[in-house]
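# Chains, contacts and geometry: an overview
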Amino acid sequence: MKTAIYPGSFDPVTYGHLDIIRRAADIFDELIISVLNNVRKTPLFSVEERVKILEDATKDMPNIRIESFSGLLVDYAREKDVHVIVRGLRAITDFEYELQNAQTNRLLSGEELDTMFFTTSLQYSYLSSTTVKEIASYGGDVSGCVPEFVAELIYGKFGIR
Ligand code: PNS
């Protein structure tokens, strides 16, 4: 069985992430979406909330599992015995950071962990969780960026509506 890990902050999941999730889940037998519990960052949504949002947003996809992790991705992947990481590339600006991470993970894993890049569908190439949160914080319309229930949760965090 071919399994891949799609790691990220997912604070919160956007249509851009969901596009990658759907396409990766079509290729792999199982996709583990792994939410980083980063103690150095203050996310809008707790790790438990982010996991629950992802579970709800992917409930129609049978071969998906949502988990959280902390620490190094290579250690987590080794623990799961998974050798493929999935990441999305929106634009050239993502490339340098993603290449560095992919090379580092390959090195740290003793060349056992590869990263597979999906080019984000064009209509989502401008999207990021950060932008969505900023728009929503000013009461702007994020309905084209995230599922409706996620939009409501973001507005709720900002005390809007
Ligand atoms: O959604 P993001 O914030 O772009 O995801 C970044 C993520 C979670 C993939 C990356 O920060 C990560 O893997 N963090 C875990 C710590 C780690 O392994 N760092 C070394 C990678 S070079």
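Residues numbered from 1 in each chain as written. Predicted model: local features only at pLDDT ≥ 70, side-chain atom pairs only at ≥ 80, totals over all residues. Heavy atoms only, no water.

## Focus on the site of the ligand
Taken together, 13 residues form the shell around the ligand, and within it S9, G71, L73, R87 and N101 come nearest. One of the backbone N or O atoms of L73 is found 2.8 Å from an oxygen atom in the ligand. In the environment of the ligand, an oxygen atom lies 2.9 Å from a nitrogen or oxygen atom belonging to the side chain of R87. Here the ligand, which alone exposes 540 Å², has 75% of that area covered by the protein. Contributions of two or more residues to the shell around the ligand are made by β1 (3–8) and α4 (92–108). Looking at the shell around the ligand residue by residue, the class counts come to 6 nonpolar, 6 polar and 1 charged. (Near = heavy atom within 4 Å. Polar contact = N/O pair within 3.5 Å; in protein donor to acceptor, adjacent residues only side chain to side chain. Areas by Shrake-Rupley, 256 points an atom, 1.4 Å probe, with all protein chains shown as cover. Helix = DSSP H or I, 4+ residues; strand = E, 2+ residues; numbered from the N terminus. Nonpolar A, V, L, I, M, F, W, Y, C, P; charged D, E, K, R; others polar.)

## What about a nonpolar patch on the surface?
Taken together, the side chains of I92, F95 and L99 make up a nonpolar region of the molecular surface, amounting to roughly 300 Å² of accessible area. Here L99 lies in helix α4. (Patch = residues over 30% accessible without salt bridge, like charges linked within 9 Å, V, L, I, M, F, W, Y side chains within 5 Å. Salt bridge = Lys/Arg side-chain N within 4 Å of Asp/Glu carboxyl O.)

## What about α4?
If you check α4, its first and last C-alpha atoms are 25 Å apart, about what 17 residues at 1.5 Å a residue would give, namely 24 Å. All of the buried residues in α4 are D94, E98, A102 and N105. Contact partners of the buried residues in α4: α3 (73–80), β4 (84–89) and β5 (114–119). Just downstream of α4, G110 is the residue with a positive phi angle, here 65 degrees. (Expected span 1.5 Å × (residues − 1). Buried < 20%, exposed > 50% of the residue type's maximum accessible area, 1.4 Å probe, protein only. Contact = heavy atoms within 4.5 Å.)

## A short note on the nonpolar core
Within the largest apolar cluster, 37 residues are counted, with the highest numbers of intra-cluster contacts made by I21, L31 and V86. When residues of this core are traced back to their parent elements, those giving at least two are β1, α1 (15–27), β2 (30–36), α2 (47–57), β3 (64–69), β4, α5 (129–137) and α6 (148–157). Counting 10 residues, the second largest nonpolar core, distinct from the first, contains I32, L73, V74 and A77. (Core = buried A, V, L, I, M, F, W, Y, C linked by side-chain atoms within 4.5 Å.)

## Considering the pattern of salt bridges
Throughout the structure, instances matching the rule amount to 13 salt bridges. Note that R106 and D114 form a salt bridge whose closest N and O atoms lie 3.3 Å from each other. One network of salt bridges, in which partners are shared, links E30, R65, E67 and K80.

## Observations concerning the packing of aromatic side chains
Tallying each qualifying case throughout the model produces 3 aromatic pairs. Ring centres 5.2 Å apart and planes at 85 degrees place the aromatic pair Y6 and F10 in the edge-to-face group. Both residues of the pair, Y6 and F10, count as buried. Taking the centre distance of 6.2 Å and the plane angle of 40 degrees together, the rings of Y15 and Y124 count as tilted. Of this pair, Y15 sits in helix α1 while Y124 sits in the loop between β5 and α5; the two residues are 109 residues apart in sequence, bridging distant segments of the chain. (Phe/Tyr/Trp six-rings, centres within 6.5 Å; stacked < 30°, edge-to-face > 60°.)

## What about the side chain of K133?
Here K133 shows up in helix α5. With sequence-adjacent residues up to four places away left out, K133 is seen in contact with D11, P12, L44 and F158.

## Details of α6
Spacing of three or four residues puts side chains on the same side of an α-helix, whose turn is 3.6 residues. Among all positions in α6, only V150, A151, I154 and Y155 are buried. Projection of α6 onto a plane perpendicular to its axis shows the buried side chains occupying an angular sector of 140 degrees, all on one side. Just downstream of α6, G159 is the residue with a positive phi angle, here 65 degrees. (Arc of directions from axis to C-beta.)

## A word on the side chain of S129
In this fold, S129 is placed in helix α5. A relative accessible area of 13% means that S129 is categorised as buried. Not counting residues up to four positions away in its chain, the partners in contact with S129 are D11, P12, T14 and H17.

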